[in-house]
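# Understanding the architecture of this molecule
In case you want the letters, here they are:
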Amino acid sequence: MTDKLWGGRFQEQTAAEVEEFTCSLPFDRRLYRQDIRGSQAHARMLAKQGILTEAEAEAIIRGLEEIRQEIEAGEFPVDPALEDIHMALETRLIQKIGETGRKLHTARSRNDQVALDVRLYLAEEVEGLIADLTELRRAGVRLARRHFGEILPGYTHLQRAQPVLLAHHLLAYDEMWRRDQARLKESLARIRVSPLGAAALAGTTFPIDPAYTAELVGFPQVFRNSMDAVSDRDFILEFLAHAAILMVHLSRLAEELILWSSAEFGFVEISDAYATGSSIMPQKKNPDVAELIRGKTGRVAGHLVGLLMTLKGLPLAYNRDLQEDKEPLFDTVDTVRASVRLMAGMLGSLTFKPERLRQALAGGYLSATDLADYLVTQGVPFRTAHEQVGRLVGYAAFQGKELWELSLEEIQRFASQAGPEVFDWLTVDKVVARRTSPGGTAPERVREALRRAEKELGL
Ligand code: ARG
């Protein structure tokens, strides 16, 4: 027998290299609160069912409480030979309260224990992330409100396409973040399922009450199949997928901020607090925060793919491979929450440059579609109008003029149906104002969207 809690059938000590290789303590330490909470609930349930005495359960619960305080005071002796946080806490409990501590693991396995811990952890983090997203959305909506009147080119293929309100552009991200929040909220129902009581894989011979343990840890649901309960990591995969999608949204905005803050665009200035300098080029101010958000998106997407690969060939039920779920999960939580917070801070610090936005509206013939639409109102079939306007744009470009700088005669040379009211369709303001279709960029539509978002976000 060795000194391990599971050492009964072992004659030789574990090789040092194996201890190091299998040890998860350096990263699963962060589950200590959840592990203690789960163990306390388990002990209470054992007492209610008459499997432990009330006095035994009380001693365990109190012992665990003290250990929590030790950890929080930085006084917890960590021995890497203890394999993982579950073993470390149980060993410490036995040290502290003796024989009774050896009863805690009755009718439980580390397999259902660890599954519960991760679920408790993730439920909390997802709630935190949903709240972070509310702050991010608030920052975006405030920015949209502050710059409500500004117009900039909307792009397709990164070519100037049609003018849009800056607020409309920003509120597009609000839609993405709103969906991200909805996905996360909905996933909580599948995270908050207690696996405790599944034991190693097949259930237990003790008369346990898993519904009571679930209630004690605040989970509305209990597992239905013990083998699934200990081996299911769908809830982590789902979270990683939602996190990857959210990061992609952040990354797209980060990319726009990087482009927009370049001299070529010059639409926006990122505040000094969210930029960094170059160690060689004194003039530089780099959008590193935005770049890193974009860069970290690859890392989060990688964690999703990594865990999918870890799980794909696993036979039922628990396999030690599952220990590999934690680092990608923890890193994703840290990365996504930091990225959301930093993006919110950066949005709050942006300065838009209205004169550059206005300059960008010139020269792109952004009202060409509207001119064609106008000709349609005069009875010209759209395809014909499209062709006439195409030729007219070619002419205007050759003359170095905007469409609104042409004379009616010039316009009529290409589009004979055009009347003097055509000029009402050509300026950028008019182009924006006419897009009153649902979800369009007309100020009245965007005002509605802004109000809706403000209401949702309590602004
Ligand atoms: N550290 C392990 C993990 O994270 C805990 C469960 C270990 N179970 C076992 N039977 N070895 O998955």
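Scroll up for the structure.
In this report, the structure presented in the accompanying data block is examined. (Residues numbered from 1 in each chain as written. Predicted model: local features only at pLDDT ≥ 70, side-chain atom pairs only at ≥ 80, totals over all residues. Heavy atoms only, no water.)

## Regarding the overall build of the protein chain
Counting secondary structure elements, the protein chain contains 18 helices and six strands. Its C-alpha atoms give the protein chain a radius of gyration of 31 Å, clearly above 23 Å, the size a compact globule of 459 residues would have. By its C-alpha atoms, the protein chain is 100 × 50 × 40 Å across when sized along the principal axes. In the protein chain, buried positions account for 51% of the 459 residues. A separation threshold of at least 6 residues defines the contact pool for the protein chain, and within that pool the share at least 24 residues apart is 74%. Here the protein chain has roughly 21800 Å² of accessible surface; of this, 52% comes from carbon and sulfur atoms. For the protein chain, the centre of its 57 positive side-chain charges and the centre of its 66 negative side-chain charges are spaced 4 Å apart. (Helix = DSSP H or I, 4+ residues; strand = E, 2+ residues; numbered from the N terminus. Rg over C-alpha atoms; globule rule 2.2 N^0.38 Å. Buried < 20%, exposed > 50% of the residue type's maximum accessible area, 1.4 Å probe, protein only. Contact = heavy atoms within 4.5 Å. Areas by Shrake-Rupley, 256 points an atom, 1.4 Å probe, with all protein chains shown as cover. Lys, Arg positive; Asp, Glu negative; His and termini not counted. Charge placed at Lys NZ, Arg CZ, Asp CG, Glu CD.)

## Things to note about the site of the ligand
In the neighbourhood of the ligand, the contacting residues comprise S24, D84, H86, R110, N111, V114, Y318, R320, Q323 and K326. A distance of 3.0 Å separates a nitrogen atom of the ligand from a polar side-chain atom of D84. Measuring from a nitrogen atom of the ligand, one finds a side-chain N or O atom of N111 at 3.1 Å. Expressed as a share of its isolated accessible area of 340 Å², the protein-covered part of the ligand is 87%. At three residues, helix 6 (residues 110-146) tops the list of elements feeding residues into the shell around the ligand. Classifying every residue of the shell around the ligand gives two nonpolar, four polar and four charged. (Near = heavy atom within 4 Å. Polar contact = N/O pair within 3.5 Å; in protein donor to acceptor, adjacent residues only side chain to side chain. Nonpolar A, V, L, I, M, F, W, Y, C, P; charged D, E, K, R; others polar.)

## Remarks on the pattern of salt bridges
The final tally for this structure, using the stated rule, is 36 salt bridges. Here D325 and K326 are joined by a salt bridge, their closest N and O atoms 2.9 Å apart. Classification of K326 as buried rests on a relative accessible area of 3%. Put simply, E66, E70, R92 and K96 are held in one network by salt bridges that share partners. (Salt bridge = Lys/Arg side-chain N within 4 Å of Asp/Glu carboxyl O.)

## Observations regarding a nonpolar patch on the surface
Among the surface-exposed residues, L201, M227 and L316 lie close enough to one another that they form a single nonpolar patch of about 270 Å² accessible area. Secondary-structure assignment places M227 in helix 9 (residues 226-231). Residue M227 is classed as partly exposed on the basis of its relative accessible area, which comes to 33%. (Patch = residues over 30% accessible without salt bridge, like charges linked within 9 Å, V, L, I, M, F, W, Y side chains within 5 Å.)

## Describing the nonpolar core
Across soluble globular proteins, nonpolar side chains have a tendency to be buried as a group. Among the nonpolar cores identified, the biggest contains 112 residues, and W177, F239, M343 and L347 are the most heavily contacted of them. Core analysis: the next-biggest nonpolar cluster, separate from the first, contains 23 residues, A368, Y395, L408 and F414 among them. (Core = buried A, V, L, I, M, F, W, Y, C linked by side-chain atoms within 4.5 Å.)

## A closer look at helix 6
When the terminal C-alpha atoms of helix 6 are compared, their 53 Å separation across 37 residues agrees well with the 54 Å that a helix rising 1.5 Å per residue should span. The element helix 6 is largely enclosed, with a buried count of 28 among its 37 residues. Two or three places before N111, at the start of helix 6, stands the capping residue S109, its side-chain oxygen 2.8 Å from that residue's backbone nitrogen. (Expected span 1.5 Å × (residues − 1).)

On their own, these measurements won't tell you what the molecule is for.
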